[in-house]
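# Structural overview
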Amino acid sequence: MNFINRHKYPLIAFAHYSKKNDIGGVTTWLQRLLLRMHSDNIPIVVYLLHSDADVEESTLLHILREAGISVDIDMQSPYIEEDVSSILAFFNRHQPQIFFPQCLESTYHTAGMAGQYGLPWAMTIHSDDPVYWAFAETVVPEANNGWMVGVSDYICKKAVQKGLANQPKSIPYGVSIFENAASFSDSPFRVVFCGRVVEEQKRISLVLAAMSQACCLDPRIECWIIGNGDEMTISRDWVNEHGLGDRIIFLGRLESSAVQSKLALCQTILLMSDYEGLPVALLEAMAMGVVPIVRSIPSGIPELVKNNESGLLVDDTPEQAANAIVRLLNHPQLWLKCSTTSQSLIAENYSEEISYQRWLNVISELSNRSTITYPIAIPKRISVPPAHPSLVGRAQKRKPNIIVTLLFLAITKNQSLVHNCFKVGRKVLPKSFCHQLWIKYGKFFS
């Protein structure tokens with residue numbers, strides 16, 4: 001391990017969400033980055049906002065603290081303003097010189113506010129999910145002393161096209177280069193899905209349908225599902241109902257080392273997502289020579305998978321994915337070609353070391369821009385803009401104004417109080433005014 005002088009770097013803060021048994025790609029990437037930085041004596045501090053019932057159930061919290069990393073954790077508030085205030089207080093306690101917010105709307109609003117005080121920061125766009133673009137449009141990094149980082153060239157180009165960044169930094173996820181490598185086998189020929197067992201984004205229903213059809217086409221095919229998620233139970237039930245419980249096997253959430261061991265026993269990895277950034281599980285599988293069969297989507301995938309060269313591209317139909325699986329099974333030379341190309345591609349362009357050095361470069365450049373002085377003044381009332389249209393139903397609530405709350409109660413519960421509330425001098429505001437208030441502010445109470 002190369003020793004890095006900690007005095008070369010200022011204190012760096014990260015903020016991220018926290019859940020029990022979180023196996024998401026962003027959390028996996030962040031955990032590895034933080035552990036590597038800590039092992040290289042780079043000063044870091046982490047703030048976690050926990051969304052489950054008990055903060056002690058946070059998997060990431062225990063992993064980081066056991067490694068000796070300083071971590072503050074709080075329950076995520078129902079209101080975004082309270083979380084912004086908590087993160088600002090975290091800044092004042094630790095006084096970082098650089099900030100890397102992740103995934104939560106509140107962390108980006110805080111970054112934008114602190115950026116105005118001289119704290120440089122970077123927003124990482126982890127996928128082509130509309131939510132990330134909504135965050136970037138709400139708090140434009142380059143207008144608030146920040147930078148934008150994309151995990152794929154596609155994301156960086158899209159950010160420029162949208163006018164959200166002039167010079168975004170492209171830093172793909174990096175993975176370890178393993179000694180273990182997959183080898184061809186037709187007894188069984190194993191297909192693996194590795195990730196969150198959910199319908200949104202990952203389209204687990206398409207994955208299972210493709211696996212089911214492939215199993216029906218050839219008895220030598222066996223499938224593994226590695227991971228957990230909201231659709232786990234319904235997915236198991238679906239497989240059992242189709243009589244494929246012994247062919248499509250759910251392995252659940254596994255530790256990183258166990259995942260690598262299982263991947264080495266597989267021949268192909270299947271991905272049918274609606275959108276991605278640069279999937280960590282796909283990178284790890286390709287690093288071991290597991291051949292990808294992936295749905296052709298714009299973000300990230302074309303940078304990794306060249307059809308018939310480093311894997312097979314398919315459309316969104318289970319039939320085409322199933323036929324691609326059988327094709328690789330029946331053509332060992334094609335499998336070997338794609339496997340070898342995949343390994344070389346990852347080793348040359350997507351290694352953990354390459355990614356890590358790019359992050360150190362960003363940190364060095366941001367540290368030169370830091371002019372922050374502490375403490376940051378925390379307003380008694382935090383003001384954040386209304387939720388972006390793309391975040392409706394997914395955004396954290398805004399704290400309602402107490403005056404608006406009283407007006408709402410008056411309008412909905414006591415008509416006589418309405419008249420008392422809206423008396424101006426000797427005049428009473430027309431009822432239509434009450435109706436207009438409901439149109440404007442009713443969304444805060446839904």
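For clarity, every value in this text was computed on a predicted model and none was experimentally measured.

Looking now at the overall build of the protein. A tally of helices and strands in the protein yields 17 helices and 15 strands. Restricting to contacts in the protein with at least 6 residues of sequence separation, those with at least 24 account for 71%.

Paired through backbone hydrogen bonds, the strands of a sheet run either parallel or antiparallel to each other. Spatially, the six strands line up as an open sheet ordered β10-β9-β8-β11-β12-β13, and their pairing is parallel. The strands lining the two open edges of the sheet, one partner per strand, are β10 (248-252) and β13 (312-314). With direction set aside, neighbouring strand axes in the sheet form an average angle of 25°. Pairing of strand β11 (residues 268-271) with strand β12 (residues 291-295) involves four bridges; the strand directions are parallel. When the bridges of β12 are listed, I269 appears paired with P292. Together, β8 (189-194), β9 (221-226), β10, β11 and β12 form the strand contacts of helix α7 (residues 204-217), whose direction differs from that of β9 by roughly 160°. Along the sheet, helix α12 (residues 318-330) makes contact with β8, β9, β11, β12 and β13, crossing β13 at roughly 160°.

On the secondary structure map, S351 appears in the loop between α13 (332-349) and α14 (352-367). When residues no more than four places from it in sequence are discounted, the contact partners of S351 are G174, V175, I177 and I346.

Let us look at the packing of α7 against helix α8 (residues 232-241). Axis separation between α7 and α8 bottoms out at 11 Å; the angle between their running directions is 20°. Judged by the angle between their axes, α7 and α8 are roughly parallel. You can see that α7 and α8 cross each other, and the crossing is right-handed. Counted together, I204, L208, A209 and S212 of α7 and S235, W238 and V239 of α8 form the full contact between these two elements. A per-class count over the contact of α7 with α8 returns five nonpolar, two polar and no charged.

Here we take up the pairing of strand β4 (residues 98-101). Of the two faces of β4, both are covered, the one formed by I98 and F100 as well as the one formed by F99 and P101. One ladder, built from four bridges, connects strand β1 (residues 12-18) with β4; its direction is parallel. What sits directly across from A15, in β4, is P101.

Looking along the chain, the bond that leaves S187 and enters P188 is cis, with omega of 5°. Within the secondary structure layout, P188 lies in the loop between β7 (169-170) and β8. With omega at 5°, the peptide bond leading from Y374 into P375 counts as cis. Relative to the assigned elements, P375 resides in the loop between α14 and α15 (402-413). In this model, Q95 sits at a positive phi of 55°, which is unusual for a non-glycine residue.

The next thing to look at is the packing of aromatic side chains. The geometry of two aromatic rings is summed up by the distance between their centres and the angle between their planes. Overall, the coordinates contain eleven aromatic pairs when judged by the stated rule. One Lys or Arg, K169, reaches over the ring of W147 and ends 4.6 Å from the middle of that ring. Of note, K262 hangs over the ring of W224, and the distance from its end group to the ring centre comes to 5.2 Å.

What follows covers the pattern of salt bridges. Per the counting criterion, the structure on display carries 18 salt bridges. Note that R398 is salt-bridged to E105, the shortest N-O span being 2.7 Å. Of the two residues, R398 sits in the loop between α14 and α15 while E105 sits in helix α4 (residues 105-115), which places them 293 residues apart along the sequence. Taken individually, R398 and E105 each receive the classification buried, so the pair is uniform in this respect. Among the charged side chains, a network of salt bridges with common partners joins E199, R203, D274 and R295.

Attention now goes to empty space enclosed by the protein. Enumeration according to the criterion identifies two cavities of 30 Å³ or more in this entry. In this structure, the largest cavity spans a volume of roughly 150 Å³. Along its surface, the largest cavity is lined by T28, W29, R32, L33, R36, Y173, G174, V280, E352, S355, Y356 and W359. When residues of the lining of the largest cavity are traced back to their parent elements, those giving at least two are α1 (25-39) and α14. Among the elements that line the lining of the largest cavity, the one with the most residues is α1, at five residues. Residues of the lining of the largest cavity, tallied by class, amount to six nonpolar, three polar and three charged.

On to helix α6 (residues 153-161), then. For α6, every residue scored as buried is listed here: I155, C156, K158 and A159. Here the buried residues of α6 occupy an arc of 165° about the axis, which is enough to place them on one side. Opposite the buried face of α6, at more than 90 degrees from it, the exposed residues are K157 and Q161. Looking at the buried positions of α6, the neighbouring elements they touch are β5 (121-125), α5 (130-138), β6 (146-150) and β7. Looking at the residues trailing α6, positive phi occurs at G163, about 75°.

Before going further, it helps to spend a moment on the confidence of the model for the protein. Residue-level pLDDT values for the protein average 89, and 88% of them are 70 or greater. Between residues 421-429, whose pLDDT stays under 50, and residues either more than four places distant or in other chains, the model counts eleven contacts.

Its location among the elements puts S299 in the loop between β12 and α11 (301-304). Given a relative accessible area of 1%, S299 falls into the buried group. Among the polar contacts listed, one links the side chain of S299 to the backbone oxygen of E276, at a separation of 2.7 Å. Once you skip the residues sitting within four places of it in the chain, S299 turns out to touch D128, S152, Y154, I155, E276 and G277.

Rules used throughout
Residues numbered from 1 in each chain as written. Predicted model: local features only at pLDDT ≥ 70, side-chain atom pairs only at ≥ 80, totals over all residues. Heavy atoms only, no water. Helix = DSSP H or I, 4+ residues; strand = E, 2+ residues; numbered from the N terminus. Contact = heavy atoms within 4.5 Å. Pairing = 2+ DSSP bridges. Axes fitted to C-alpha atoms, helices over the stretch in contact; angles between N-to-C directions. Parallel < 35°, antiparallel > 145°, perpendicular 65-115°, else oblique. Left-handed = near helix turned anticlockwise from the far one by under 90°. Nonpolar A, V, L, I, M, F, W, Y, C, P; charged D, E, K, R; others polar. Buried < 20%, exposed > 50% of the residue type's maximum accessible area, 1.4 Å probe, protein only. Phe/Tyr/Trp six-rings, centres within 6.5 Å; stacked < 30°, edge-to-face > 60°. Lys NZ or Arg CZ within 6 Å of the ring centre and 35° of its normal. Salt bridge = Lys/Arg side-chain N within 4 Å of Asp/Glu carboxyl O. 1 Å grid on protein atoms, 1.4 Å probe; cavity = no way out; pocket = protein on both sides within 12 Å on 5 of 7 lines; lining within 4 Å. Points joined across faces, edges and corners; volume = space filled by probe spheres on them. Arc of directions from axis to C-beta. pLDDT = per-residue confidence, 0-100. Polar contact = N/O pair within 3.5 Å; in protein donor to acceptor, adjacent residues only side chain to side chain.

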